[in-house]
Amino acid sequence: MSATIVRKAAAEPRWLRLTLTAVGLGFLFFFLALPLVAVFSEAFAGGWGAYREALSHPEALSAIGLTVFIAVVVLPFNVAFGVAAAWAIAKFDFRGKSLLITLIDLPFAVSPVVVGLVFLLIFGAQGVFGPWLSDHDIKIVFALPGMIIVTLFITFPFVARELIPLMQAQGKDEEEAAVSLGASGWQMFFRVTLPNIKWGLLYGVILANARAMGEFGAVSVVSGHIRGETNTLPLHVEIVYNEYNAIGAFAAASVLALLALVTLVAKTVVEWKMRQETEMLDTAMPPEKTE
Amino acid sequence: MKRVLPGFGLSLGFTLAYLSLLILLPLSGLIFKASALTLDQFWAVATGERAMAAYRVTFGASLLAALINAFFGLVVAWILVRYPFPGKRLVDSLVDLPFALPTSVAGITLATLYAGNGWIGRHLEPLGLKVAFTPLGIVVALTFISLPFVVRTLQPVIEDIEPEVEEAAATLGASRWQTFVRVLLPGIFPALLTGFTLAFSRAVGEYGSVIFIAGNMPLISEITPLLIISKLEQYDVVGATALACVMLAISFAMLLAVNGLQWWAANRHHGKERVSI
Amino acid sequence: MSIEINGVGKRFGNFVALDNINLHIPTGELVALLGPSGCGKTTLLRIIAGMETADPGHVSFAGEEATHLHARDRNVGFVFQHYALFRHMSVFENVAFGLRVKARHERPSEAEIRRRVLDLLKLVQLDWLADRYPSQLSGGQRQRIALARALAVEPKVLLLDEPFGALDTKVRKELRRWLRRLHDEMHISSVFVTHDQEEALEVADRVVVMNHGRIEQIGTPDEVYSSPASPFVYQFLGNVNVFHSRLHGAWAEVGRDPSEAPAHDRSQAMAFVRPHDIDIEHAPIAGSIEATVQDVHAIGPLVRVELAHASELVEVELTRERANVLRLARGQAVWLKPRQIKVFNVLGVPLEEGGSGI
């Protein structure tokens, strides 16, 4: 009942409430809603036919394929890392734990361009391994492996960051109970831990996927921009745009914008699921009364 | 110490190996490469005229964008937590759009919107306000990409404010403004500063969205990440490396600042020693 | 300052929180609003403080209309259950807050603020904590600081919402005696909300018992305890045995076969007897009913006896001396005789009152 109480003494006057709402929503309208509408409006500026033609261009299709391929390769690695890191950090105590948490955040802080440059310096022609790689005829930069490596770097923290606080909050009672009942390590993980973290894991994967498919700066540096070969969709957008082919650029952009919208919806659904689950657990196990 | 749960060695070992191979070793490779330069050479590259101008543009625009987001982010977080309005859930989800939308898409869209014939630029140009292909365009792009940070760090903090605290201030005779400035703002300030720092840190490193709208004129509207790229394209790997080292140092500093801020927010007003009576 | 509440009502959606409340609180009185959770007591307190608006009805202070006055202009001190201290301010600054936010021409000088805050901290016996932050204090200390903060603006009315509800039993007892002394020293009117009957009966001059948004009874602690005005008050204040009786010479009818009752007297009624108002005898006497001993517990100075009368459970409290004389054993048949009984009809209207079996 207290939720419906309007706290009169702690409320702004009506004119101020309306002004603030107008200012906030106005800001979001100009900075979020309008660009989103503009993407689709520009993409369809030439009609449905031009849109379809732009997207069915072989270069566009290969860009879509490459984008999906990189994400599919990258995500399992970062899921494995995220789960391992969260397991070690949330369930055990060891020295240097807070330093480790800070280091996991590092890729968020580094400029994508610097990330690309770093791998160029290592695997490029004048890089540390450059001569050895060219002797053995292995191409890493300006080729697919380099693009996968920078995407790994860029999306490295997402899953771990979701799981660490979640698993810390859940504690280790359930796992200890499972072990005391005779479960093996993997049985404990698949039957107890994984069901508890599944929504958090999915949440991290959704965010990592959006970033993996959308990354531009880092991938741009190591891709070499070889058409039909090392062009992901975000890079394709740039190339077509710079050729003054607005419809082509925005048609590709609209696919990515659609991906962004799907990401937002999926994220909202998972957030809702997570909230529902905690609420369900709360009502199933009411706190003991202290009176 | 006997550990009850299995997998400590495996998970920590994997974590450290993966972190070292993918993140730490490559980054130290950058520093190693830069160490081939003498200090004078490094200094000359890192503080050259074009580099200094790029820093000015990058940090100036990032600071402005972060300030804009601090103000509007506070308003947006406040109305999302406190005021009912239709479509609130939708608006709340939309706030994360800049995280989900690839930067190149944001870049071409903002450039189109703010160009002289664009939906927004068309109305600004007669007022003498050129946004696209000027430093102002950089501010717009950076504001867009760093928009969610302040909102998302403030929202849970505003949700956690006990309404009783505001009512206590009211019964003690404080006006709404006094309550905001003296009671609420000190409480949410660390979160505001954290959000601001995160936004600033993200804006400083941003590349994709800016290059389409900036105009990229050396000394005027060229950001540091773009300067790194153009040095690379001119096969000036040493110059690019020096600039990247500067950027990396700033990234570290920002990361430390955010951690420090969070530590400060969690520990202030708990005094030196805890007393329990 | 006296408080006058006339015809106040409040709804939240379909839920009636308050229904036509009329209450007069004279200057200098300490009044407890007592009732179960959801009875509307906190809503009434918040309406007095101006944190909530009454739908219909009026609130006036010292005869002056205050219904639409904002909380900050009412000059009331409010103490919250969970203290609501400003956590980024030191104890000193918390107490000084009300003085610092005054308009410039009313604001005391810095020296005056300092003096007044330290005086208040001495009053609540916590002047040695002036530089601490709320997170460094115990619950009892926090609540005393909250009280000092409320008193700093020299309110004419002090309102306390479950002020001791979050504290443990020992601290709670200590603080409520202390509140009583403080109230007497300050010469203000105080209203506090509680669901703890012991607290209300011990501290208040007058107790307002509320249920379902209505006032059930207003009276001194002794009045509400010894002559409850309704079945609800009877059951809410202390333990009570309820007998579903046919109304005909109250006690004598309890438990008798309904078919024996005269036809003109079919109205159902309930008889209420407190456990300590029942005597146990080994032999039947006039107006007593038979019961079987189920269990005997010695609890401190009292002995609690559970008995079965027909299908109903009866609880009786005896002194240790009386229990020693009676030597009750499980399964034993005894006779019960009330000293004090009150009968209500189904509508809750009191019917008869009496001593030993009428």
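Residues numbered from 1 in each chain as written. Chains lettered and ligands numbered in written order. Predicted model: local features only at pLDDT ≥ 70, side-chain atom pairs only at ≥ 80, totals over all residues. Heavy atoms only, no water.

Draft legend 1. A look at the overall build of chain B. When helices and strands are tallied, chain B shows 14 helices and zero strands. Along chain B, helices (α) and strands (β) appear in the sequence α-α-α-α-α-α-α-α-α-α-α-α-α-α when read from the amino end. For chain B, with 277 residues in total, the buried portion stands at 57%. When the accessible surface of chain B is split by element, carbon and sulfur atoms take 69% of a total near 11,900 Å². Of note, chain B has its 18 positive side-chain charges centred 3 Å away from the centre of its 16 negative side-chain charges. (Helix = DSSP H or I, 4+ residues; strand = E, 2+ residues; numbered from the N terminus. Buried < 20%, exposed > 50% of the residue type's maximum accessible area, 1.4 Å probe, protein only. Areas by Shrake-Rupley, 256 points an atom, 1.4 Å probe, with all protein chains shown as cover. Lys, Arg positive; Asp, Glu negative; His and termini not counted. Charge placed at Lys NZ, Arg CZ, Asp CG, Glu CD.)

Draft legend 2. Main features of the packing of aromatic side chains. For the structure on display, the rule yields 33 aromatic pairs over all chains. Ring plane angle 15° and centroid distance 5.4 Å describe the contact between F232 of chain C and F236 of chain C, whose orientation is recorded as stacked. Residue F232 of chain C and its partner F236 of chain C are both found in helix α8 (residues 231-236); the two are separated by four residues, about one turn of the helix. F236 of chain C gets classed as buried once you look at its relative accessible area, which sits at 18%. The ring of F94 of chain A has K97 of chain A lying over it, and the distance from NZ or CZ to the ring centre is 5.9 Å. Taking NZ or CZ as reference, R144 of chain C lies 5.9 Å from the ring centre of W178 of chain C, over its face. (Phe/Tyr/Trp six-rings, centres within 6.5 Å; stacked < 30°, edge-to-face > 60°. Lys NZ or Arg CZ within 6 Å of the ring centre and 35° of its normal.)

Draft legend 3. Highlighting the interface of chain C and chain B. Counting from both sides, the interface comprises 29 residues of chain C and, opposite them, 28 residues of chain B. Both faces combined, the contact of chain C with chain B buries some 2,400 Å², and carbon together with sulfur accounts for 60% of it. Three residues, R72, H88 and Q136 of chain C, lead the burial of chain C against chain B; their summed loss comes to 26% of the area buried on that side. Across the contact surface, chain C and chain B share one salt bridge. The closest approach of N and O atoms between R46 of chain C and E167 of chain B, which form a salt bridge, is 2.6 Å. The interface formed by chain C and chain B holds three residue pairs in polar contact (both at pLDDT 80 or more) in total. Elements supplying a minimum of two residues to the side of chain C that touches chain B: β6 (76-79), α2 (91-100) and α4 (139-151) of chain C. (Contact = heavy atoms within 4.5 Å. Buried area = accessible area lost by both parts, 1.4 Å probe. Salt bridge = Lys/Arg side-chain N within 4 Å of Asp/Glu carboxyl O. Polar contact = N/O pair within 3.5 Å; in protein donor to acceptor, adjacent residues only side chain to side chain.)

Draft legend 4. Fine view of the side chain of H183 of chain C. All names here are of chain C. Note that H183 resides in helix α5 (residues 169-186). The exposure class of H183 is buried, given its relative accessible area of 4%. A polar contact is formed between the side chain of H183 and the side chain of S190, at a distance of 2.7 Å. With sequence-adjacent residues up to four places away left out, H183 is seen in contact with G28, E29, L30, I188, S189, S190 and D205.

Draft legend 5. Molecular detail of the sheet that holds strand β14 (residues 289-299) of chain C. Residues and elements named next belong to chain C. On the basis of which strands lie adjacent, the open sheet formed by five strands has the order β13-β17-β14-β15-β16 and antiparallel pairing. This sheet does not close on itself; its edge strands, each paired only once, are β13 (278-281) and β16 (312-319). Averaged over all pairs of adjacent strands, the angle between their axes in this sheet comes to 45°, without regard to strand direction. Relative to strand β17 (residues 333-338), β13 runs antiparallel, the two being bridged by four bridges. Looking across to β17, one finds that I278 is bridged to P338. (Pairing = 2+ DSSP bridges. Axes fitted to C-alpha atoms, helices over the stretch in contact; angles between N-to-C directions.)

Draft legend 6. Fine view of the interface of chain A and chain B. In this assembly, 87 residues from chain A lie in contact with 84 residues from chain B. Carbon and sulfur atoms make up 80% of the area that chain A and chain B hide from each other, which totals about 7,700 Å². When the buried surface of chain A facing chain B is broken down by residue, F27, F31 and L32 of chain A rank first, second and third, together holding 8% of it. Inspection of the region where chain A meets chain B yields two salt bridges. A salt bridge links D96 of chain B to K267 of chain A; the nearest nitrogen and oxygen atoms lie 2.4 Å apart. Where chain A touches chain B, the interface holds ten residue pairs in polar contact (both at pLDDT 80 or more). Counting residues per element, the side of chain A that touches chain B draws most heavily on helix α1 (residues 14-43) of chain A, which supplies 19 residues. Residues that form the side of chain A that touches chain B fall into these classes: 63 nonpolar, twelve polar and twelve charged. (Nonpolar A, V, L, I, M, F, W, Y, C, P; charged D, E, K, R; others polar.)

Draft legend 7. Examining the pattern of salt bridges more closely. Under the counting rule described, the total for this entry stands at 40 salt bridges over all chains. Note that R176 of chain B is salt-bridged to E12 of chain A, the shortest N-O span being 2.8 Å. Placement of the pair is R176 of chain B in helix α11 (residues 176-205) and E12 of chain A in the segment before α1, with the two residues belonging to separate chains. Here the two residues R176 of chain B and E12 of chain A agree in accessibility, since each one is buried. Taking the shortest distance from any N to any O, the salt bridge between D236 of chain B and K231 of chain B comes out at 3.8 Å. With relative accessibility at 28%, the residue D236 of chain B sits in the partly exposed group. The buried category is assigned to K231 of chain B, whose relative accessible area is 18%.

Draft legend 8. Summary view of the nonpolar core. Judged by nonpolar contacts, the single largest core of 180 residues is most densely connected at I104 and F119 of chain A together with L30, Y114, L154 and I228 of chain B. Here this core spans two domains, and each of domain 1 (13-43) and domain 2 (47-281) of chain A adds at least three residues to it. Once residues lying within four places of it in the same chain are set aside, the contact partners of F119 of chain A are G124, V141, I149, V150, F153 and V222 of chain A together with L22 and P26 of chain B. Core analysis: the second largest hydrophobic core is formed by 47 residues, A32, Y83, L160 and L237 of chain C among them. (Core = buried A, V, L, I, M, F, W, Y, C linked by side-chain atoms within 4.5 Å. Domains from an automatic or database assignment.)

Draft legend 9. Main features of the sheet that holds strand β5 (residues 64-65) of chain C. All names here are of chain C. Pairing within the open sheet is antiparallel, and its four strands lie in the order β2-β1-β4-β5. What marks the edges here is a single partner per strand, and that holds for β2 (15-25) and β5. In this sheet, β5 lies alongside strand β4 (residues 58-61) in antiparallel orientation, the contact comprising two bridges. In the strand pairing of β5, S60 is matched with E65. Taken strand by strand, helix α1 (residues 41-49) contacts β1 (3-12), β2 and β4, and its axis lies near 120° from that of β1.

Draft legend 10. Structural detail: helix α6 (residues 103-114) of chain B. Residue and element names in this part refer to chain B. Its twelve residues give α6 an end-to-end C-alpha distance of 16 Å, which sits within 8% of 16 Å, the value for a rise of 1.5 Å per residue. Buried residues dominate α6, accounting for twelve of its twelve residues. All buried positions along α6 are accounted for by T103, S104, V105, A106, G107, I108, T109, L110, A111, T112, L113 and Y114. (Expected span 1.5 Å × (residues − 1).)

Draft legend 11. Structural detail: a nonpolar patch on the surface. Where nonpolar side chains cluster on the molecular surface, the patch consists of W186 and F190 of chain A together with L10 of chain B and spans about 400 Å² of accessible area. Within the secondary structure, L10 of chain B is located in helix α1 (residues 8-34). By relative accessible area, L10 of chain B is classed as exposed at 59%. (Patch = residues over 30% accessible without salt bridge, like charges linked within 9 Å, V, L, I, M, F, W, Y side chains within 5 Å.)

Draft legend 12. Seen up close, the pairing of β17 of chain C. Alignment of β14 of chain C against β17 of chain C, held across four bridges, turns out to be antiparallel. Across the sheet, the residue bridging to T292 of chain C is A333 of chain C, located in β17 of chain C.

Draft legend 13. Spatial organisation of the environment of H58 of chain C. All names here are of chain C. With respect to the element layout, H58 can be found in strand β4. For H58, a relative accessible area of 43% gives the class partly exposed. Polar contacts involving the side chain of H58 include one to the side chain of E65, which spans 3.2 Å.

Draft legend 14. Looking closely at unusual backbone geometry. Located in the positive-phi region is L219 of chain B, a residue other than glycine, with phi close to 75°. Note on placement: L219 of chain B falls in the loop between α12 (208-214) and α13 (224-233). When its relative accessible area of 43% is taken as the criterion, L219 of chain B is described as partly exposed. Phi is positive for H187 of chain C, close to 55°, though the residue is something other than glycine. Assessed through its relative accessible area of 65%, H187 of chain C is described here as exposed.

Draft legend 15. How the structure looks around the confidence of the model for chain C. Residue and element names in this part refer to chain C. Mean pLDDT over chain C: 85, with 91% of residues reaching 70 or higher. Across residues 255-266, where pLDDT falls below 50, the model places seven contacts with residues more than four positions away in sequence or in other chains. ipTM for the predicted complex: 0.91, alongside a pTM of 0.86. (pLDDT = per-residue confidence, 0-100.)

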